[in-house]
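Letter by letter, the chains look like this.
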Amino acid sequence: MSIPYPFSAIVGQEDLRLGLLLNAINPSVGGILVRGEKGTAKTTTVRALASLLPDLAVVPGCRFSCAPAAPDPDCPDGPHPVDEAGVQRPARLVELPVGASEDRLVGALDIERALAEGVKAFEPGLLADAHRGILYVDEVNLLHDHLVDVLLDAAATGASYVEREGVSVRHAARFLLVGTMNPEEGELRPQLLDRFGLTVEVTASRETDQRVEVVRRRLAYDADPARFAARWAADEQEMRERISAARELLPSVVLGDAALRQIAATCAAFEVDGMRADIVMARTATALAAWAGRTEVTDPDVRQAALLALPHRRRRNPFDAPGLDEEKLDETLERARQEAERAEAEGRDPQDEPEPDPDPDPDGGPEDGGPDGGGPDGGGGVPPQRDPGVDPAAGSPAPDGGSDPAAPNPGTGTEPGADTGAGSALAAASEQPPSAAGEPYKTRTLTVPGLGEGAAGRRSRARTAHGRTTGAEQPRGRLAALHLTATVRAAAPHQRARGRDGRGLVVRREDLRQAVREGREGNLVLFVVDASGSMAARRRMGAVKGAVLSLLLDAYQRRDKVGLVTFRGAGAELALPPTSSVDAGAARLEKLPTGGRTPLAAGLLRAHEVLRVERLRDPSRRPLLVVVTDGRATGGPEPLPRAARAARLLAASGAASVVVDCEAGPVRLGLAGALARELGATAVTLQELRADTVSALVKDVRRAA
C-alpha cells in the first residue's frame, strides 16, 4: 500500500487546507470545490486528508459500512442488530473517475434475477463505498451533468436511491464531497456550483522561497516516502487529535444573534440567490470556532466563512469570474455588528426590526436617524443592494468604444492597408484596437440534422442513455436500460416449452430487450469569425461580437464544446482550440483586433483542418460550423473563387454549417448568401439570429440535398 503525502507537510494552500479541515469537522458544510490550474497539489492535498480522519467502527460483513451503534434500517445487507460488535477500519477515500457510468456510481440491480427469481440482487456502487468517508471527484466539471446531479442529491440527502423497472433499493450515503477542476476546461452550471458548500481558488506560489521548499519536500518524499512520513508523524498526530477535539466541541458552539445577523446581512448584500448560502455560512462559522477551540462564533469566523462560501454563488452568467469584494464584505459586517450593538444597547431584539429599515423615524425617535444612522435612511444595519465598484458592468467600455477620435473612418468599400503590399508592418499599422461587444441576447436554435450518438447535451437529436424511449433492441454487452414490455413479449411465447409452473415468468438472457432512447447531444460549435478591415467599423464589430457572445452563451447552456478561428490580414488563426470552457472563448473574443485584408479562403481551410483533427479525437461529437462574415474576400489571386473551393471542401466533409451575414448598408452584394450556397448552409442575418424576431423561427441547419 502506498504511503500518502502528509497533510501537514503541504506548503502554502492555506484556504484549501482550511476548507478541507472544516468539512472534516462538520460534513454537513456540504463539501468543497477546488478550482485551480494544473500542478497545484489539489489531488495530493485531498488524498492526504484521508489519513487524518478517525478510524470507523463498522458492522462486520456490511458492504455499506453501517455503524454498529446506529445501523441503517434500510441497509440492503440488513437488518443489523443494534450494538453489534463492530470492527475498526480507516476512513476511505473513494475516487470517482470522469468516465464512470451511473451504475458504477449508484450501484446496479440484476434485472434478470429480479424478473426470474423475484430477488433484489444489488451490487453496491461508489456512493456505498464512500459512506462515512471521502468521495473525491477529480475534474468534476468534465463529469456528465446527470451524474453530477445524482452525486449532489446524495450528498444533500445522505442517501442513495436506485430504481429500475419498479425495483427499488435505498441505502445511506453520507460522505465528505470534494471536487477539483481546472476552469480552463469548462465551468460547472451555477445550479451545480451552488450545491457545493465551499469553494477555494488555488494557484502556484510566485514566491521563490516557497517554491524551493515545495520542490525540496517533494523530492524528499519521492526518494523515501516512509522516512519522509515518519518525519511528519508527530505533526500528523497532533492535527488528527485536533480534528477529533473540534468534532467533540462542535455541538457546544453557540451561534449568537449578532453573528447570525451578520451572515444574513452579508448574503443579502451580495444578492446571493436562495437560502443555502446563509445555512452554509452558519455551519462553516461554527466549524471555524470549533477548530479554534472556542464555543462562540466571532466576527472573524463569519468573515472567513463568507470568503469560503460565497464567491461561487455570485456568478450571474457563465462569463462572470467568481470572487468577492473584501472591502464591501468588511463594510457589510461592520454595519451589521453596529446595528446589533445598537439594538442591544436599546434593549430591543434586532430580529424584531423590519429588514430593511423602511423609514428613519421608528420608535427610537429622531436621535436614531440623521448622520449617525449611517445614511439618509438611518438604516445602518441595512447593506446596500449593489456596489458600483463591483458591478460587472466594468467590462463595458461602450462610451470609449463608440466615440474613439483616433479610430479610422470605418469604410465598407476599402480596407485599411489592403492594397499597399507593404507586408506585415502596414498590416499591423492598420490594426484597430478591440471594440466592446454588444449586449448578449437569446438566439434562435441551431441544430445539426440527423440523429447523433454524441455526449449528452441540449442541442441536436441523438441516441442517449437518458431521454424518451423510442424503441427496443437486444443489448450488446451489459444491459443498460431494460425495456420491460419488449422483454415480456420476447419471453411469453416460450413459457410452456420452458416448463413454467405458474410461479413467475421464465426469462432467459436472450429475452432481454434494451430501451432505445432519444435525447439531445452536445456538439462542437466552431466559430469562424471575419476580423478584417471590412468588418472594422466599431458599431458593426460590436454587433458582431455581441452575436458571437450570444451564441457562446447558447453553447454553454446546451453543453457544447466551442472553438474559435479568426481570419484577417495575411491568414487565419486558431484563436481558441476546441474546449468546454465557453468563458475562455468569451475572453478571446473580447481581445479580438480587427483590420487588414479578408483571407476568407484561409479561414475556411483552417476550419476544415480543425474539424478533421477533432473528428479523429472525438468521432461521436458532431460539428456545427458558424461562419460570421460579410462574404467579402480580398488578397491574393482570385480570392472569391478560392473561397468557393474551400467552402465546397467543407461541404464535402459533411459538416453542418450556418453563415451569419454581417453585411450592412443600403447596397448589398449578397456575397454571404453565395458562400452559404457553396457550404450547403443556412444563411441568417444578425437581426434574424435573435430568437425574439418574427423571422427567427426555430429550424434545423439543413444541408443541400
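Residues numbered from 1 in each chain as written. Predicted model: local features only at pLDDT ≥ 70, side-chain atom pairs only at ≥ 80, totals over all residues. Heavy atoms only, no water.

Below, the discussion takes up the sheet that holds strand β10 (residues 176–181). Read across the sheet, five strands follow the order β4-β7-β10-β1-β11 without closing on themselves; strand pairing throughout is parallel. Where the open sheet ends on each side, the last strands, each with one partner, are β4 (93–95) and β11 (198–202). Pairs of neighbouring strands in the sheet enclose a mean axial angle of 20°, with direction left out of account. Looking at chain direction, strand β1 (residues 32–36) and β10 are connected through four bridges and run parallel. The partner of I32 across the bridge, within β10, is V178. (Pairing = 2+ DSSP bridges. Helix = DSSP H or I, 4+ residues; strand = E, 2+ residues; numbered from the N terminus. Axes fitted to C-alpha atoms, helices over the stretch in contact; angles between N-to-C directions.)

Right, let's talk about the pattern of salt bridges for a bit. A full pass over the atoms with the stated rule returns 28 salt bridges. The partner of E521 in a salt bridge is R622, and the shortest N-O contact between them spans 2.6 Å. Of this pair, E521 sits in strand β13 (residues 514–521) while R622 is found in the loop between α20 (600–617) and β17 (623–629), placing the two residues 101 residues apart along the sequence. The same class applies to E521 and to R622, which are both buried. Each of the salt bridges in this network shares a partner with another, and the network as a whole consists of R459, D554, R558 and D560. (Salt bridge = Lys/Arg side-chain N within 4 Å of Asp/Glu carboxyl O. Buried < 20%, exposed > 50% of the residue type's maximum accessible area, 1.4 Å probe, protein only.)

Our next topic: helix α21 (residues 639–652). Turn by turn, an α-helix covers 3.6 residues, leaving residues three or four places apart pointing in a common direction. Helix length check: α21 (14 residues) gives 20 Å between terminal C-alpha atoms against 20 Å at 1.5 Å per residue, within 8%. Within the span of α21, buried status applies to A643, A644, A646, A647 and L650. Taken around the axis of α21, the buried residues stretch over an arc of 165°, which confines them to a single face. In the core, the buried residues of α21 are packed alongside α20, β17 and α22 (671–679). Positive backbone phi, approximately 90°, marks G654, located one or two places after α21. (Expected span 1.5 Å × (residues − 1). Arc of directions from axis to C-beta. Contact = heavy atoms within 4.5 Å.)

With six of its six residues buried, strand β18 (residues 656–661) lies for the most part within the structure. Judged by which residues are buried, β18 turns out to be covered on both faces: A656, V658 and V660 on one side and S657, V659 and D661 on the other are all buried. Pairing of β17 with β18, which is carried by six bridges, proceeds in the parallel orientation. Across the sheet, V628 pairs through a bridge with V660, a residue of β18.

What follows is about unusual backbone geometry. For R132, which is not glycine, the phi dihedral falls at a positive 70°. Along the chain, R132 falls in the loop between α5 (126–129) and β7 (134–137). Note on R132: relative accessible area 26%, which makes it partly exposed. Although it is not a glycine, E139 sits at a positive phi angle of roughly 55°. Tracing the sequence through the fold places E139 in the loop between β7 and α6 (145–157).

Turning our eyes to something else, we now look at the packing of aromatic side chains. One pass over the full model with this rule turns up four aromatic pairs. With a centroid separation of 5.1 Å and an interplanar angle of 65°, the aromatic rings of Y5 and Y221 are classed as edge-to-face. In this pair, Y5 sits in the segment before α1 (14–25) while Y221 sits in helix α8 (residues 208–223), placing the two residues 216 residues apart along the sequence. Taking the relative accessible area as the measure of exposure, Y5 reaches 9% and is therefore buried. A relative accessible area of 11% places Y221 in the buried class. Look at Y221 and F228: their rings are 5.9 Å apart centre to centre, the planes differ by 75°, and that puts the pair in the edge-to-face class. Ring pairing ties together the aromatic residues Y5, Y221, F228 and W232, which thus form one cluster. The residue whose ring lies beneath R242 is W291, and the NZ or CZ to ring-centre distance is 3.7 Å. (Phe/Tyr/Trp six-rings, centres within 6.5 Å; stacked < 30°, edge-to-face > 60°. Lys NZ or Arg CZ within 6 Å of the ring centre and 35° of its normal.)

Turning our attention to the environment of C66. Position of C66 relative to the elements: it lies in the loop between β2 (56–58) and β3 (87–89). Spatially, the C-alpha atoms of C66 and D77 are 9.4 Å apart, while their sequence positions differ by eleven residues. Look past the residues within four positions of C66 in its chain and what remains in contact with it is A57, V58, V59, P71, D72, C75, H80 and R132.

Here we come to the packing of helix α12 (residues 276–291) against helix α13 (residues 299–309). Orientation of α12 relative to α13, taken along the N-to-C sense of each, is 130°, at an axis distance of 8 Å. It follows that α12 is oblique to α13 by the angle criterion. The handedness of the crossing between α12 and α13 is right-handed. From α12, V280, M281, T284, A285, L288 and A289 reach across to α13, where they touch D301, V302, Q304, A305, A306, L308 and A309. Counted by class, the contact of α12 with α13 contains ten nonpolar, two polar and one charged residues. (Parallel < 35°, antiparallel > 145°, perpendicular 65-115°, else oblique. Left-handed = near helix turned anticlockwise from the far one by under 90°. Nonpolar A, V, L, I, M, F, W, Y, C, P; charged D, E, K, R; others polar.)

This part takes up the confidence of the model for the protein. For residues with low pLDDT, the predicted coordinates do not support detailed interpretation. Taken as a whole, the protein shows an average pLDDT of 78; of its residues, 80% reach a score of 70 or greater. Here helix α15 (residues 398–402) stands out as the element of the protein with the lowest mean pLDDT, 38, in contrast to α12, whose mean of 93 is the highest. The low-confidence segment residues 354–429, where pLDDT is below 50, has 73 contacts with residues more than four positions distant or belonging to other chains. Here residues 694–705 scores under 50 on pLDDT; set against residues more than four positions off or in separate chains, the count is 28 contacts. (pLDDT = per-residue confidence, 0-100.)

Attention shifts here to the sheet that holds strand β14 (residues 524–530). Within the open sheet, the six strands sit side by side as β16-β15-β14-β17-β18-β19. Their pairing is mixed. The strands lining the two open edges of the sheet, one partner per strand, are β16 (571–579) and β19 (682–685). Sheet twist, expressed as the average angle between the axes of neighbouring strands with direction ignored, equals 20°. Relative to strand β15 (residues 561–568), β14 is paired through seven bridges, and the arrangement is parallel. Pairing of V529 across the sheet is with T566, part of β15. Packing of helix α19 (residues 582–590) onto the sheet brings it into contact with β15 and β16, and relative to β16 it is tilted by some 155°. In this fold α22 packs onto β17, β18 and β19, with an angle of close to 180° to the strand it touches most, β18.

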